[in-house]
Amino acid sequence: MGEFIASRLSLGQAHTAAARLLREARIAAPELDARLLLCHATGLSHEACVAALNDPFAPDAAARFGAFVERRLEGEPVSRIIGIREFYGRSFRIDASTLDPRPDTETLIEAALGFEDRETTLSILDLGTGSGCILVTLLAELPQASGVGVDVALGALELARANAQILGVGDRAAFLASDWLEAVEGSFDLVVANPPYLSAADMAALSPEVRDHDPAPALDGGPDGLSAYRRIVRGLRKALRPGGFALFEIGPDQARAVARLLADAGLDGGESQHLWRDLAGRPRVVGARLRVKAP
């Protein structure tokens, strides 16, 4: 990639050369990846980068771009290289301490927003908050809500707090170091979580892009993928207010098992059990409500 400096390529020529290398390496979206890396290397927006395609590459930006493309060729995801992931229309900072948010998790946001009035005052608990993408997005979409993000990783909590501040909801978000519900006090109207849900077999079959760059504790759900759910549901009744709702992201084949865990913990099931599917039509989110005791 040193050719970008030596031959004094323009930004457009550098983009074309990088996309060709990525295509030859069978990277799925070579043009898009090259453009994102080019914008990050130059510090330009997409629009400004397009306008400058005929401009010469500054040596320092060319060196950065070359290094970024090399990392992509070695299998590092673009989001990890640039430290940013787009989620539900917002840019979130990510790092090695956090899971790289996936589009499938936006199903959890849609589920929460589907039954909550946007002007309702409610409290939210986000278990395993990571980058804070779920909690911060819900607070941004529900302007009267407040919430707590919980994670066992201190680095993730620092990053989630920064994302909350950057995206304008820092005054309504608090963050707590806790192993799931162990240090959580009080009860909430809505509990959301994207726990690790990959089974041992799933972990063994991960692609290198995921295996080598996402933190294993955020992926590994134990032998059957349900270990985190079992731990969470044990304290879920205490964490929910009467009538409160819990929403969990799940693996595509886990809907029945997680619904049973919730029902066994005293949350509603049967006709009132809720299931949401992702854009591919796969079961992705299970929800349950804490029953209100009859007077």
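Residues numbered from 1 in each chain as written. Predicted model: local features only at pLDDT ≥ 70, side-chain atom pairs only at ≥ 80, totals over all residues. Heavy atoms only, no water.

## Notes on the environment of Ala61
- Mapping Ala61 onto the fold places it in helix α5 (residues 59–73).
- Residue class for Ala61 comes out buried when judged on its relative accessible area of 5%.
- Dropping the residues within four chain positions of it, Ala61 is found in contact with Ala41 and Thr42. (Helix = DSSP H or I, 4+ residues; strand = E, 2+ residues; numbered from the N terminus. Buried < 20%, exposed > 50% of the residue type's maximum accessible area, 1.4 Å probe, protein only. Contact = heavy atoms within 4.5 Å.)

## Some points on the packing of helix α2 (residues 11–24) against helix α3 (residues 30–42)
- Contact geometry for α2 and α3: axes closest at 8 Å, N-to-C directions at 135°. When the axis of α2 is compared with that of α3, the two are oblique. Judged by the twist between their axes, the crossing of α2 over α3 is right-handed. Residue-level contacts link Leu11, His15, Ala18, Ala19, Leu22 and Arg23 of α2 to Pro30, Glu31, Asp33, Ala34, Arg35, Leu38 and Thr42 of α3.
- For the contact of α2 with α3, the residue count by class is seven nonpolar, two polar and four charged. (Axes fitted to C-alpha atoms, helices over the stretch in contact; angles between N-to-C directions. Parallel < 35°, antiparallel > 145°, perpendicular 65-115°, else oblique. Left-handed = near helix turned anticlockwise from the far one by under 90°. Nonpolar A, V, L, I, M, F, W, Y, C, P; charged D, E, K, R; others polar.)

## What about the nonpolar core?
- Counting residues in hydrophobic clusters, the biggest one holds 36 residues, and the most contacted among them are Leu125, Leu127, Leu236, Leu262 and Leu267.
- If you list the elements that add at least two residues to this core, you get β3 (123–127), β4 (146–151), β6 (188–193), α12 (227–234), α13 (236–239), β7 (240–249), α14 (255–264) and β9 (283–289).
- Dropping the residues within four chain positions of it, Leu267 is found in contact with Leu236, Arg237, Leu240, Ala246, Leu262, Ala288, Arg289, Leu290 and Arg291.
- Among the nonpolar cores identified, the runner-up in size contains 29 residues, and Ile124, Leu135, Leu138 and Val169 belong to it. (Core = buried A, V, L, I, M, F, W, Y, C linked by side-chain atoms within 4.5 Å.)

## Remarks on the layout of surface pockets
- Computed from the structure, the largest pocket encloses a volume of approximately 910 Å³.
- Lining of the largest pocket is provided by 40 residues; of these, Leu99, Asn194, Pro196, Ala218 and Leu219 occupy positions nearest its centre.
- Mapped onto the lining of the largest pocket, the elements with two or more residues apiece are α8 (133–141), β4 and α12.
- When residues of the lining of the largest pocket are assigned to their parent elements, the largest contribution, three residues, is made by α12.
- Among the residues forming the lining of the largest pocket, the class breakdown is 21 nonpolar, 10 polar and nine charged.
- In this structure, the second largest pocket occupies an estimated 500 Å³ of space.
- Lining the second largest pocket are 21 residues, and of these Val78, Ser79, Ile84, Arg85 and Asp100 sit closest to its centre.
- Counting residues per element, the ones that place at least two in the lining of the second largest pocket are α3, α6 (78–82), β1 (84–87) and α11 (208–211).
- Residues that form the lining of the second largest pocket fall into these classes: seven nonpolar, five polar and nine charged. (1 Å grid on protein atoms, 1.4 Å probe; cavity = no way out; pocket = protein on both sides within 12 Å on 5 of 7 lines; lining within 4 Å. Points joined across faces, edges and corners; volume = space filled by probe spheres on them.)

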